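Okay, here's what each chain looks like letter by letter:
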Amino acid sequence: MNLIDKFLDYVKFDTQSDELTNLTPSTPGQMEFAKYLQKKLIEMGLSEVTLDDNGYLFATLPANTDKQLPVIGFIAHLDTSPDMSGRHVNPRIVKDYDGSVITLNKELGIALNPEEFPELLQYKGQDLIVTDGTTLLGADDKAGVAEIVDAVEYLLAHPEIKHGKIRIGFNPDEEIGLGAHKFDVKKFGCDFAYTMDGGEIGELEYENFNAASAKITIKGRNVHPGYAKHKMVNSIRVAGQFMSMLPRWETPEHTEEYEGFYHLVGIEGTVEQTVLTYIIRDHDRDRFERRKEEIQHLVRKTNREFPDSTSVEIKDQYYNMREKIEPVMYIIDLALEAMKEVGVASKVQPIRGGTDGAQLSFKGLPCPNIFAGGLNFHGRYEFVPIPSMEKARDVIVKIAELAARK
């Protein structure tokens, strides 16, 4: 199977993760996919192929040189987003895209329109893989899985390319923030690694948000509305007052690049009790800490007006990997040189989110993120240009080659 055949084969597996199951992997399809890949990796001739009970699949491409070289890892995740169905994915290849509207599903009136998705026009003349409009595609991150497997297969077939020991790792549940939680960094045994989980061609990321969640619980007092004066405390109204005190413009829809935000992701309430769920994001660690303190401050302020009504639980989720990457910037230089040698213009930019690599970096495995090639992740308009996948595969091969050459 070539690279594209691998990808089209992999997207057949329904691997949506589910944050409600409290299992690892969170869904059985991920383990089914992992077992399938395990068999394929063994058939390829890789060594140290292991799959644990939590769905973490590791394998080794042994070094083919006696030089003392760093052990490099390449990582991708098995799951797809719970935001849209990944069952019965029916991909289609659009040959030599001409810049026009792509009809995804004529019956349902679903189309990929360059007026709405202008990034399409960057890929005129290329072959694109699209959905049928009823599911996501799964390029996030089955494109990354396919690229890693194909790169290793290429290195096996070309022993003239000298390289050190290469480790590959496929993990579950990245999309629900748990991909790195049970990742055994010591067992993986790498000096550094790269996640192949970025977006469009050329992306290289080693900065991400610092992230926390905040759950604000507001307790009210319900009294018959006809006799409620000076007695009722409507927790929904108190919640509205709380929300209005946060900066209006510091929300996802008003921020970009290095700007942080408060994002209300859930609200559930009655007169008796309302729960607000926020996520807090900022690239700068000091500003991140101040944002968490601002939430605490507003809780105290609310309690001064409505005594003992409001409490908050704040949990840190992950931190900016930059502080772990900066001491080993040669791994960024290595990736940049690899991109240059295979003809890819690099785009170094911060991630307005997080990756498994961020958590792995804080577990002792420096792990920046490289493009996998897809766009419009997590929905029916997801697509991936085939040349972008091929270049991602080439970057993996070139990193291994350059590390040995240097």
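Quick caveat: nothing in here was measured; it's all calculated off a predicted structure. All residue numbers here refer to positions counted from 1 along the written sequence of the relevant chain. A pLDDT threshold of at least 70 governs which residues receive local features in this predicted model, and a stricter bar of 80 or more applies before side-chain atom pairs are shown or counted, although totals over entire chains, interfaces and linings include all residues. Water and hydrogen atoms play no part in the side-chain values, which are based on all heavy atoms of the structure.

Undergrad: Go over the overall build of the protein chain, please, and point to the residues and values.
TA: Helix and strand definitions follow DSSP, with helices as H or I runs of at least four residues and strands as E runs of at least two, each counted in order from the N terminus. The helix and strand tally for the protein chain stands at ten helices and 17 strands. It is over C-alpha atoms that the radius of gyration is taken, and the globule rule equals 2.2 Å times the number of residues to the power 0.38. The C-alpha radius of gyration computed for the protein chain amounts to 24 Å, which stays within 12% of the reference 22 Å derived for 406 residues, consistent with globular compactness. Along the first, second and third principal axes, the C-alpha set of the protein chain runs to 85 × 55 × 40 Å. A 1.4 Å probe rolled over the protein chains alone gives each residue an accessible area, and that area as a share of the maximum for its type sets the label: buried under 20%, exposed over 50%, partly exposed in between. Here the protein chain, with 406 residues, has 53% of them falling under the buried criterion. Residue pairs in contact within the protein chain that sit at least 24 positions apart in sequence constitute 78% of those at least 6 positions apart. If you sum the accessible surface of the protein chain, you get close to 18,600 Å²; carbon and sulfur atoms cover 48% of it. Should any heavy atoms of two residues lie within 4.5 Å, those residues are considered in contact. Where accessible areas are quoted, they stem from the Shrake-Rupley method and a 1.4 Å probe; at the residue level, only the protein chains shown are allowed to cover.

Undergrad: Describe the pattern of salt bridges, and please don't skip the residues or the numbers.
TA: We define a salt bridge as a contact between a side-chain nitrogen of Lys or Arg and a carboxyl oxygen of Asp or Glu at a distance within 4 Å. Under the defined criterion, the tally for this structure stands at 23 salt bridges. Of the charged contacts, one joins E153 and K6 as a salt bridge, the two residues approaching to 2.6 Å between their closest N and O atoms. One end of the pair, E153, is in helix α3 (residues 139-157); the other, K6, is in helix α1 (residues 3-10), with 147 residues separating them in the sequence. Given a relative accessible area of 30%, E153 falls into the partly exposed group. A relative accessible area of 4% places K6 in the buried class. One salt bridge in this structure joins E401 and K398, with 3.1 Å as the shortest N-O distance. With E401 and K398 both in helix α10 (residues 386-405), this residue pair falls three residues apart, about one helical turn. The buried category is assigned to K398, whose relative accessible area is 15%.

Undergrad: Quick one: what's the story with the pairing of strand β1 (residues 47-51), residue by residue and with numbers?
TA: Bridging between β1 and strand β2 (residues 57-61) involves three bridges; their strand directions are antiparallel. Bridge assignment links L51 to a residue of β2, and that residue is L57. The rule for pairing is simple: two strands pair if DSSP sees at least two bridges between them. Connecting β1 to the antiparallel partner β2 that follows it, the hairpin turn spans five residues, and G55 within it adopts a positive phi of roughly 90°.

Undergrad: Before we move on, could you go through the sheet that holds strand β8 (residues 166-171) and cite the residues and values that matter?
TA: An order of β1-β2-β8-β3-β9-β16-β10-β15 is seen for the eight strands of this open sheet, with the pairing classed as mixed. Either end of the sheet is taken by a strand with one partner, and the two such strands are β1 and β15 (347-348). In the packing of helix α2 (residues 28-44) onto the sheet, contacts are made with β1, β2 and β8, and the angle to β1 comes to roughly 165°. Under this scheme, a helix contributes an axis fitted over its contacting stretch, all axes are lines through C-alpha atoms, and angles between N-to-C directions fall in the 0 to 180 degree range. The strands touched by α3 within the sheet are β2, β3 (72-77), β8, β9 (192-198) and β16 (369-371), with β3 carrying the most contacts at an inclination of about 145°.

Undergrad: Would you mind going over unusual backbone geometry in detail, with residue names and values included?
TA: The omega angle of the peptide bond from T24 to P25 is -5°, so this bond is cis rather than trans. Looking at where P25 falls in the secondary structure, it is placed in the loop between α1 and α2. Looking along the chain, the bond that leaves D140 and enters D141 is cis, with omega of 15°. Structurally, D141 is set in helix α3. The residue D96 is not glycine, and still its phi comes out positive at about 45°. In this structure, D96 sits in the loop between β4 (92-94) and β5 (102-105). Phi at H378 takes a positive value of approximately 75°, unusual for a residue other than glycine. Structurally, H378 can be placed in the loop between β16 and β17 (383-385). H378 gets classed as partly exposed once you look at its relative accessible area, which sits at 28%.

Undergrad: Requested: an account of the packing of aromatic side chains, with residues and values cited.
TA: Classification of ring pairs uses Phe, Tyr and Trp, with its six-membered ring standing for Trp, and accepts pairs whose centres are within 6.5 Å; under 30 degrees between planes counts as stacked, over 60 as edge-to-face, and the remaining range as tilted. On inspection of all chains with the given rule, the structure shows 14 aromatic pairs. Centre to centre, the rings of F58 and F188 are 4.9 Å apart; their planes meet at 50°, and the pair counts as tilted. In this pair, F58 is assigned in strand β2 and F188 in helix α4 (residues 185-188), connecting sequence segments 130 residues apart. Both residues of the pair, F58 and F188, belong to the buried class. Chaining the aromatic ring pairs together yields one cluster made of Y10, F13, F33 and Y36. Residue placement shows K142 over the ring face of F33; its charged tip is 5.5 Å from the ring centre. Only when the NZ of Lys or the CZ of Arg is both within 6 Å of the ring centre and within 35 degrees of the ring normal is a charge said to sit over the ring. A cation over an aromatic ring shows up here: R285 above the ring of Y319, its NZ or CZ 4.0 Å from the ring centre.

Undergrad: Let's hear about empty space enclosed by the protein: which residues, and what values?
TA: Definitions used throughout: a 1 Å grid over protein atoms alone; a cavity as a set of points that fits a 1.4 Å probe which cannot get out; a pocket as an open set with protein on both sides within 12 Å along at least five of seven lines; a lining residue as one with an atom within 4 Å of a point. Grid points are joined across faces, edges and corners, and a volume is the space filled by probe spheres set on the points. For the structure shown, the criterion picks out one cavity of 30 Å³ or more. As a volume, the largest cavity reaches approximately 40 Å³. Lining of the largest cavity is provided by I75, A76, H77, D141, N171, E174, T195, D197, T355 and D356. At the level of secondary structure, the elements contributing two or more residues to the lining of the largest cavity comprise β3 and β9. A class-by-class count of the residues in the lining of the largest cavity yields two nonpolar, four polar and four charged. Amino acids outside the nonpolar list (Ala, Val, Leu, Ile, Met, Phe, Trp, Tyr, Cys, Pro) and the charged list (Asp, Glu, Lys, Arg) are all regarded as polar, and Gly is one of them.

Undergrad: Describe in detail the packing of α2 against α3, supporting the description with residues and values.
TA: The geometry of a pair of packed helices is captured by two quantities: the angle between their axes and the separation between those axes. With their axes 11 Å apart at the nearest point, α2 and α3 run at an angle of 10° to one another. On the basis of their axis angle, the class for α2 and α3 is roughly parallel. Mapping the contact onto sequence places F33, L37, L41 and M44 in α2 and K142, V145, V149, V152, E153 and L156 in α3. Considered class by class, the residues forming the contact of α2 with α3 number eight nonpolar, no polar and two charged. Throughout, the term roughly parallel applies to angles under 35 degrees, roughly antiparallel to angles over 145, roughly perpendicular to angles from 65 to 115, and oblique to all others.

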